[in-house]
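Results of the structural survey
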Amino acid sequence: GAGVSQSPSNKVTEKGKDVELRCDPISGHTALYWYRQRLGQGLEFLIYFQGNSAPDKSGLPSDRFSAERTGESVSTLTIQRTQQEDSAVYLCASSLSLSGNTIYFGEGSWLTVV
Amino acid sequence: DQQVKQNSPSLSVQEGRISILNCDYTNSMFDYFLWYKKYPAEGPTFLISISSIKDKNEDGRFTVFLNKSAKHLSLHIVPSQPGDSAVYFCAAPYGGTSYGKLTFGQGTILTVHP
């Protein structure tokens, strides 16, 4: 597709359940990023991937959060044992490379933990 | 620790007038700044950027000013149009080689009245 694609667009889950969020970056973009935006706050960096290099996981808030990326394509963000404070929009972005100074965001996955 | 701050949660202006959105930062090592615009239910889109070697960057109706001594930047929109109504975020790359690893301000909601 032309842009960054994320699924699901909306997810309501019960506290304690695991969720998986998917991101398809723009074709040819080697760098992929996950961000989170909680209500009324700015975007928080979570993790980024660049090619086959080890990902930068420095923004992941706890060990309940993990992410994987298959080569230079799809990425999955997994949240285990969800908590109510995990409720947020999870935004994926991609760029041509790490030094590409424009990153392109998807529309986000709205997660509500009840 | 909020390294980029937008202290005005909202701004309301009349169509045709100037909109001025402000952003302050605390880390003097930041050398590049970006503004993103976000419409409801969409991902943020890149608007304009500025390198710390400049004090002004202009792109059409949008101009960003950087005052390094005050650690302050501002986005000017002239003339403002109703379609400019959105949330505006300032951001700066931090911690490493990736321009996509960004710290964001909390955002300012701009409303332009016809």
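Scroll up a little and you will see the structure.
Everything quoted here is computed from the prediction, not taken from an experiment.

With that out of the way, let us pick up the overall build of chain A. Broken down by element type, chain A carries zero helices and ten strands. Start at the N end of chain A and walk to the C end: the helices and strands fall as β-β-β-β-β-β-β-β-β-β. A globule of 114 residues ought to have a C-alpha radius of gyration of about 13 Å, and chain A, at 13 Å, matches this closely. Its C-alpha atoms give chain A principal-axis dimensions of roughly 35 × 25 × 25 Å. Taken across its 114 residues, chain A has 49% of its residues classed as buried. Of the contacts made within chain A by residues no fewer than 6 positions apart, 56% connect residues no fewer than 24 positions apart.

A few words now on the state of the cysteines. Tallying each qualifying case throughout the model produces two disulfides over all chains. Across the disulfide from Cys23 of chain A sits Cys92 of chain A; the S-S distance is 1.9 Å. Given an S-S torsion of about -70 degrees, the disulfide between Cys23 of chain A and Cys92 of chain A has left-handed geometry. Here Cys92 of chain A lies in strand S8 (residues 88-95) and Cys23 of chain A lies in strand S3 (residues 19-24), a separation of 69 residues in the sequence. With respect to burial, Cys23 of chain A and Cys92 of chain A carry one shared label: buried. Across the disulfide, Cys23 of chain B is cross-linked to Cys90 of chain B (sulfur-sulfur distance 1.9 Å).

Using the criterion set out here, one finds 14 aromatic pairs over all chains in the structure. Taking the centre distance of 5.6 Å and the plane angle of 85 degrees together, the rings of Tyr35 of chain A and Phe104 of chain B count as edge-to-face. Residue Tyr35 of chain A is found in strand S4 (residues 31-37), and its partner Phe104 of chain B is found in strand S10 (residues 102-104); the two belong to separate chains. One exposure class covers both Tyr35 of chain A and Phe104 of chain B, and it is buried.

Structurally, Gln41 of chain A can be placed in the loop between S4 and strand S5 (43-50). On the basis of relative accessible area, Gln41 of chain A is assigned to the partly exposed category, the value being 37%. Here the alpha-carbon distance between Gln41 of chain A and Ala88 of chain A, two residues 47 residues apart in the chain, equals 9.8 Å. Not counting chain neighbours up to four residues away, the residues in contact with Gln41 of chain A comprise Phe89 and Gln106 of chain B.

Cut-off values and rules
- The residue numbers shown here count from 1 along each chain, following its written sequence.
- Going through the entries in the order they are written, you letter the chains from A and number the ligands from 1.
- Selection of residues for local features in this predicted model requires a pLDDT of at least 70, selection of side-chain atom pairs for listing and counting requires 80 or more, and totals for whole chains, interfaces and linings are taken over all residues.
- Side-chain numbers here rest on the full set of heavy atoms in the structure, without hydrogens or water.
- For the purposes of this entry, the term helix denotes a DSSP run of H or I that reaches at least four residues, the term strand denotes a run of E that reaches at least two, and both are numbered from the N terminus.
- Only C-alpha atoms enter the radius of gyration; for comparison, a globular chain is expected to reach 2.2 Å times N to the power 0.38, where N is the number of residues.
- In this scheme, a residue with accessible area under 20% of its type's maximum is buried, one over 50% is exposed, and one in between is partly exposed, where area comes from a 1.4 Å probe on protein chains only.
- Whether two residues touch is decided by their heavy atoms; if any such pair falls within 4.5 Å, the residues are in contact.
- Note on terminology: disulfide denotes any pair of cysteine sulfur atoms within 2.5 Å.
- Each pair of aromatic rings taken from Phe, Tyr and Trp, with Trp reduced to its six-membered ring, is defined by centres within 6.5 Å and is described as stacked if the planes are under 30 degrees apart, edge-to-face if over 60, and tilted in the remaining cases.

Everything listed is a geometric property; what it means functionally is a separate question.
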